[in-house]
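Below are the chains, spelled out letter by letter.
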Amino acid sequence: MGKRAIALSGMVAALAATSGVAVTLNAHGASARVTTATSVAAPVPPLHATVGEFRFSSDNFKINSEKRTEVVMPQITIHAGASSGWHTHPGPGFVIVTSGTLALYQVIDNRCVKSMYGPGQGFVETPGVVHIARNEGASGDVTAVATFLGIAPGTTAYKFLVPAPAACPGIK
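Since the model is a prediction, treat every value here as computed from it, not as a measurement. (Residues numbered from 1 in each chain as written. Predicted model: local features only at pLDDT ≥ 70, side-chain atom pairs only at ≥ 80, totals over all residues. Heavy atoms only, no water.)

What's the story with the environment of Ala103 in this structure? I'm lost.
Here Ala103 shows up in strand β10 (residues 102-108). Along the backbone, Ala103 and Val142 are 39 residues apart, and their C-alpha atoms lie at a distance of 9.6 Å. The contact partners of Ala103, leaving out residues within four places of it in the chain, are Lys114, Ser115, Met116, Ile132, Ala133, Arg134 and Glu136. (Helix = DSSP H or I, 4+ residues; strand = E, 2+ residues; numbered from the N terminus. Contact = heavy atoms within 4.5 Å.)

In C-alpha cells form, the structure reads like this:
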C-alpha cells in the first residue's frame, strides 16, 4: 500500500470513527464495504440556561420566578415497551409529543390516573407529582420535547427517580 493509500485509509477510518459508520478496507486499501455501526448512540444532552428573576402576566397566563433558575429542554425518546421510570420534577414541565403514543400515569389524590397523548399533543407536569411515561406500543419509539422550569441553577437535574407507588400496581 502506498503512502497516499495509507493516508487516505487513515482519513476514512477517522471519519468513520466519528460518524458511526464502520468501514472495512481490503489488503489494497480500497473500501470493500461500508456498514452502519451497531452501537447505540449516546443520549443528546439537554439544552439548558440559567435565567434571572422574571414576571409575566397576560389575561389568561401568569408565570414568575423570584430567584435565578435553570431552564432545561431535553429531547425524550422511549423505546417500544419501555418507560421513563417513576419520577417527579422540582418545577413545572411542558411536554409535546412529536411521534408515537405516550401513556402517562400519574398519582393524583392517591389514585392512578392514565392519559394518552399522540403527536402534536402536549401536557403540563406538575412539580412533585409522581408519574411515569410509557411507550406501550410493540414497535417504534415515542419521542417528545420538553421544557422544565424551576431547576437548580448550574444543573440539569430536572428528573428525580422514585419508587413505584402503591396506587399504580404493576405499572413500570
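Explain the state of the cysteines to me, please; I cannot follow it from the model alone.
A covalent bond bridging the sulfur atoms of two cysteines is what the word disulfide describes. In total, this model carries one disulfide according to the counting rule given. Covalent S-S linkage joins Cys112 and Cys168, the inter-sulfur distance amounting to 2.0 Å. On the sign convention where negative means left-handed, the S-S torsion of about 110° between Cys112 and Cys168 marks this disulfide as right-handed. Within this pair, whereas Cys112 is found in strand β11 (residues 111-117), its partner Cys168 is found in the segment after β15 (160-161), the two being separated by 56 residues in sequence. (Disulfide = S-S within 2.5 Å.)

What is the right way to read the packing of aromatic side chains from this model?
The relation between two aromatic rings is expressed through the spacing of the ring centres and the mutual angle of the planes. One pass over the structure, following the stated rule, counts three aromatic pairs. Taking the centre distance of 6.2 Å and the plane angle of 55° together, the rings of Phe56 and Phe61 count as tilted. On the accessibility criterion, Phe56 (47% relative accessible area) is partly exposed. Ring geometry for Phe148 versus Tyr158: centroids 4.8 Å apart, planes at 20°, classification stacked. Highlighted residues: Phe148 in strand β14 (residues 142-151) and Tyr158 in the loop between β14 and β15, separated in sequence by 10 residues. Of the two residues, Phe148 and Tyr158, both sit in the buried class. (Phe/Tyr/Trp six-rings, centres within 6.5 Å; stacked < 30°, edge-to-face > 60°. Buried < 20%, exposed > 50% of the residue type's maximum accessible area, 1.4 Å probe, protein only.)

In short, shape yes, function no, at least from these values alone.
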